[in-house]
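# Observations on the three-dimensional arrangement
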Amino acid sequence: MRVVVIIPSRYSSTRFDGKPLANICGKPMIQWVCERAMQAKCIKSVHVATDDPRIREAVTRFGGNVVMTSSTCRSGTDRVAEAAEQLGLDGRDVVVNIQGDQPLVDPRCFDAVVKPFYDDPSVKMSTLAFAIVDPREITDPKDVKVTFDNNGDALYFSRATIPHGRDGSDSYKTYKHLGVYAYTQEFLECFRALSPGRLEEIEKLEQLRAMEHGYPIRVVVTPYDSPEVDLPVDIQRIEEKMVAMGVCR
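Residues numbered from 1 in each chain as written. Predicted model: local features only at pLDDT ≥ 70, side-chain atom pairs only at ≥ 80, totals over all residues. Heavy atoms only, no water.

### Here's the deal with the pairing of strand β7 (residues 125-131)
For a regular strand, side-chain orientation follows a simple rule: the groups alternate between the two sheet faces. Note the cut-off: The classification of residues rests on relative accessible area computed with a 1.4 Å probe and restricted to protein chains. Under 20% of the type maximum is buried, over 50% is exposed, and intermediate values are partly exposed. In DSSP terms, a helix is any run of H or I states spanning at least four residues, a strand is any run of E spanning at least two, and both are numbered starting from the N terminus. Should DSSP find at least two bridges between two strands, the strands are regarded as paired.
Summarising burial for β7: six of the seven residues are buried, a large majority. With seven bridges joining them, β7 and strand β10 (residues 175-184) adopt antiparallel strand pairing. Residue pairing across strands places L128 opposite L178, the latter belonging to β10. Note that β7 and strand β11 (residues 218-221) share four bridges and pair parallel. Bridging from a neighbouring strand, T127 pairs with V219 of β11.

Written as structure tokens, this is what we have:
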């Protein structure tokens, strides 16, 4: 079983054009994500999937792997699936999908999200969750929350606060969903063919499509947060974290 990371990356964005190439501590953001992924123990290779020549040029410049995909991909998952097909992966291989806007992703997150596939042959898709420590994230719709059952399978993902304590108690943990997914190549092709779900359209959360069609998602709780860059103003916050971690000066 090979484990391959594919990072879907597009240049145009309504909120942050050219985000993958944004300079963070002297490197384009997409480079940070690639380098962090390559540090994971389980990863065989890392590839950026894009339809933009500017991103291809930047990735090639720092020695990364690029797969050029169609400009008509409906979503990041469709882009990942198209890239996986071009790479000729076997149905039993595992594809890890991470967005290119998580420059602080911990390499151990990749090992964690893949572990269920070794432990339980029935697992077809997995993702990560982090126990929220910043109270702002509990109510911020930008930070997606997740609940899961006793087996670790997702019950629901939402931009709303879930669970919501009826009596105002805050004595329980609220989990933030981290945008790192893993699938068998066989299930990735299945997911790609599914019609969009009603809840997916309401929440604008693609992972709900799998659940609405009856496919479970195994949730792995990680102690490592992976903050995202959504807007240009987020870069300073990320750079400050990097300096504090000793990742850059």
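Once the structure has been displayed, the description carries forward.
### Here's the deal with the nonpolar core
For soluble globular proteins, nonpolar side chains are generally found buried alongside one another. Counted only if it meets this: Only buried residues count toward a nonpolar core, which is a set of Ala, Val, Leu, Ile, Met, Phe, Trp, Tyr and Cys residues joined through side-chain atoms within 4.5 Å. When checking whether two residues touch, look at their non-hydrogen atoms; a contact exists if any pair is within 4.5 Å.
Of all hydrophobic cores here, the largest spans 31 residues; its most connected members are V5, I7, I43, V96, I98, F110 and L128. Sorting the residues of this core by element identifies β1 (3-9), α1 (29-38), β4 (45-50), α2 (53-61), β6 (94-98), α4 (107-119), β7 and β10 as the ones contributing at least two each. Ranked by residue count, the leading element in this core is α4, at six residues. Beyond its immediate sequence surroundings of up to four residues, I7 is in contact with I30, V33, C34, V46, H47, V48, A49, I98, Q99 and G100.

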